[in-house]
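Chains, contacts and geometry: an overview
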Amino acid sequence: MFSTVAVNGEVRRWEDLPLHDFAQGFFFGAGFFTTFRIDDGVPLFLARHLKRLAASVASFPETVRAPPSELLHPDAVREVLRRCLESDSALGPRFTGIGKLTASDGRLLLTFRAPSPDAERLQREGRAVDTVEAGAYRHGEPMPNHKGLSYFRQYSLMQRLPVLANDLGHACELPTANLFVLLDGALVTPPLDAPCLPGIIREVLLDSGHLDDMPVVERALPLARLSEARACVFTNSAVLATGVSSLLGRALPDSLSLAARIREHVLAMASREG
């Protein structure tokens, strides 16, 4: 992580932040975050990220002290981001990497990190997803719908990257990523009550309705049907889309080209949204 951060719009240094200012989040985990991609100094889908973050904070008004609402306006965050990038030569105004906004203790903390070192390799080679974490969620459970609460449960599973399944035997998501499979001529992702995180790239694809001539739909996804998938990808805001080269032991060579199509589509959507 880079040393330059911002707290409630003020550019600071990470090492200078007093811990007691973040006691609610640090000691009790009472907070939420969103992680967004920055390309050449421009944040992608920032308004969508802020809307989701504000909704999570509003869902727990007696637990998480919200930052001032004006700090969650896209224009305010863009201005703070600009000042952070310009103030630090290690970042620079054309920074490409990852931004993170954390809301807790009545504060909004903005931090930065470099892109994942294996992101380009995963785009070329994909990633095998060959295990299932059965019963990881209960159908209709609301907590995985909030970024932060879901992370605690997923952290120990990130290296193994299993399909997280619910008590009905339906696929929900992957740790830190939404799941899409090419099935019955459509690009299918589990519904929010599966449950899964309302991921930003997931939302962009569903709002589009189609990927070229292929419908993009929410639908319950029984684990048994994964063996019929023609291709599979997982999505998140940091890497956009990654092809699943092998799903539960079955090779899916078309996944890499599908992921490339999704990345191209998502970047085109981002340029239109501004």
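Quick look at the structure, then.

1. Section: the overall build of the chain
Each helix and strand in the chain was counted, giving seven helices and 17 strands. A compact globule built from 274 residues should have a C-alpha radius of gyration of about 19 Å, and the chain, at 19 Å, falls within 12% of that. With respect to the three principal axes, the spread of C-alpha positions in the chain is 50 × 40 × 30 Å. Within the span of the chain, comprising 274 residues, buried residues form 50% of the whole. Long-range pairs, those at least 24 residues apart, make up 69% of the contacts in the chain with a sequence separation of at least 6. Accessible surface for the chain amounts to roughly 12,600 Å². Of this, 54% is attributable to carbon and sulfur atoms.

2. Regarding the sheet that holds strand β5 (residues 97–104)
In spatial order, the strands read β2-β1-β6-β5-β3-β4; together these six strands make up an open sheet with antiparallel pairing. Unpaired on one side and paired on the other, β2 (10–13) and β4 (42–43) mark the two borders of the sheet. Pairing of β5 with strand β6 (residues 107–113), which is carried by seven bridges, proceeds in the antiparallel orientation. Paired with K100 across the bridge in β6 is T111. Strand contacts of helix α3 (residues 74–87): β1 (4–7), β2, β3 (32–39), β4, β5 and β6, with the helix running at about 45° to β6, the strand carrying the most contacts.

3. Remarks on the packing of helix α6 (residues 200–208) against helix α7 (residues 255–273)
Contact geometry for α6 and α7: axes closest at 11 Å, N-to-C directions at 85°. Viewed along their axes, α6 and α7 adopt a mutual orientation that is roughly perpendicular. Each of I201, V204, L205 and S208 in α6 lies in contact with α7, whose residues at this interface are I262, H265, V266 and M269. Residues that form the contact of α6 with α7 fall into these classes: six nonpolar, two polar and no charged.

4. Here we look at the pairing of β3
Burial of β3 is extensive: seven of the eight residues sit out of reach of the surface. Relative to β5, β3 runs antiparallel, the two sharing seven bridges. In the strand pairing of β5, T35 is matched with K100. By the bridge criterion, two bridges tie β3 to β4 in an arrangement that is antiparallel. Across the sheet, D39 pairs through a bridge with V42, a residue of β4. Counting the residues that bridge the hairpin from β3 to β4 gives two residues, and of these D40 lies at a positive phi of roughly 55°.

5. Some points on the pattern of salt bridges
Side-chain pairs of opposite charge can arise where the charged atoms are in close proximity. This structure, assessed with the given rule, holds 20 salt bridges. R13 is the partner of E15 in a salt bridge, and the nearest nitrogen-oxygen pair spans 3.7 Å. For E15, a relative accessible area of 54% puts it in the exposed group. Between R107 and D21 there is a salt bridge whose closest N-O contact spans 3.6 Å. Of this pair, R107 sits in strand β6 while D21 is found in the loop between β2 and α1 (23–28), placing the two residues 86 residues apart along the sequence. Each member of the salt-bridge network shares a partner with another, and the members are R48, E203, D207 and E273.

6. Some words on α3
Side chains that are three or four residues apart share a direction in an α-helix, a result of its 3.6 residues per turn. The end-to-end C-alpha distance of α3 is 20 Å, a good match for the 20 Å that 14 residues give at a rise of 1.5 Å each. Within the sequence span of α3, burial applies to P74, V77, V80, L81, C84 and L85. In an axial view of α3, the angular spread of the buried residues amounts to 135°, which keeps them on one side of the axis.

7. Let's talk about the packing of aromatic side chains
Throughout the structure, instances matching the rule amount to three aromatic pairs. Centre to centre, the rings of F32 and F60 are 5.5 Å apart; their planes meet at 35°, and the pair counts as tilted. Separated by 28 residues along the polypeptide, F32 in strand β3 and F60 in the loop between α2 (46–59) and α3 bring together distant segments of the chain. For the pair formed by F32 and F60, the shared burial category is buried. Relative to F112, the ring of F95 lies with its centre 6.0 Å away and its plane at 85°, an arrangement referred to as edge-to-face. Within this pair, whereas F95 is found in the loop between α3 and β5, its partner F112 is found in strand β6, the two being separated by 17 residues in sequence. Exposure remark for F95: the relative accessible area of 6% places this residue in the buried category. Grouped by ring-pair contacts, the aromatic residues F2, F95 and F112 constitute a single cluster. The ring of F33 carries K100 above its face, with NZ or CZ at 4.4 Å from the centroid. Seen from the ring of F22, R107 lies directly overhead, with NZ or CZ sitting 6.0 Å from the centre.

What counts, and at which threshold
- Residues numbered from 1 in each chain as written.
- Predicted model: local features only at pLDDT ≥ 70, side-chain atom pairs only at ≥ 80, totals over all residues.
- Heavy atoms only, no water.
- Helix = DSSP H or I, 4+ residues; strand = E, 2+ residues; numbered from the N terminus.
- Rg over C-alpha atoms; globule rule 2.2 N^0.38 Å.
- Buried < 20%, exposed > 50% of the residue type's maximum accessible area, 1.4 Å probe, protein only.
- Contact = heavy atoms within 4.5 Å.
- Areas by Shrake-Rupley, 256 points an atom, 1.4 Å probe, with all protein chains shown as cover.
- Pairing = 2+ DSSP bridges.
- Axes fitted to C-alpha atoms, helices over the stretch in contact; angles between N-to-C directions.
- Parallel < 35°, antiparallel > 145°, perpendicular 65-115°, else oblique.
- Nonpolar A, V, L, I, M, F, W, Y, C, P; charged D, E, K, R; others polar.
- Salt bridge = Lys/Arg side-chain N within 4 Å of Asp/Glu carboxyl O.
- Expected span 1.5 Å × (residues − 1).
- Arc of directions from axis to C-beta.
- Phe/Tyr/Trp six-rings, centres within 6.5 Å; stacked < 30°, edge-to-face > 60°.
- Lys NZ or Arg CZ within 6 Å of the ring centre and 35° of its normal.

All quantities given are derived from atomic positions and should not be read as evidence of function.
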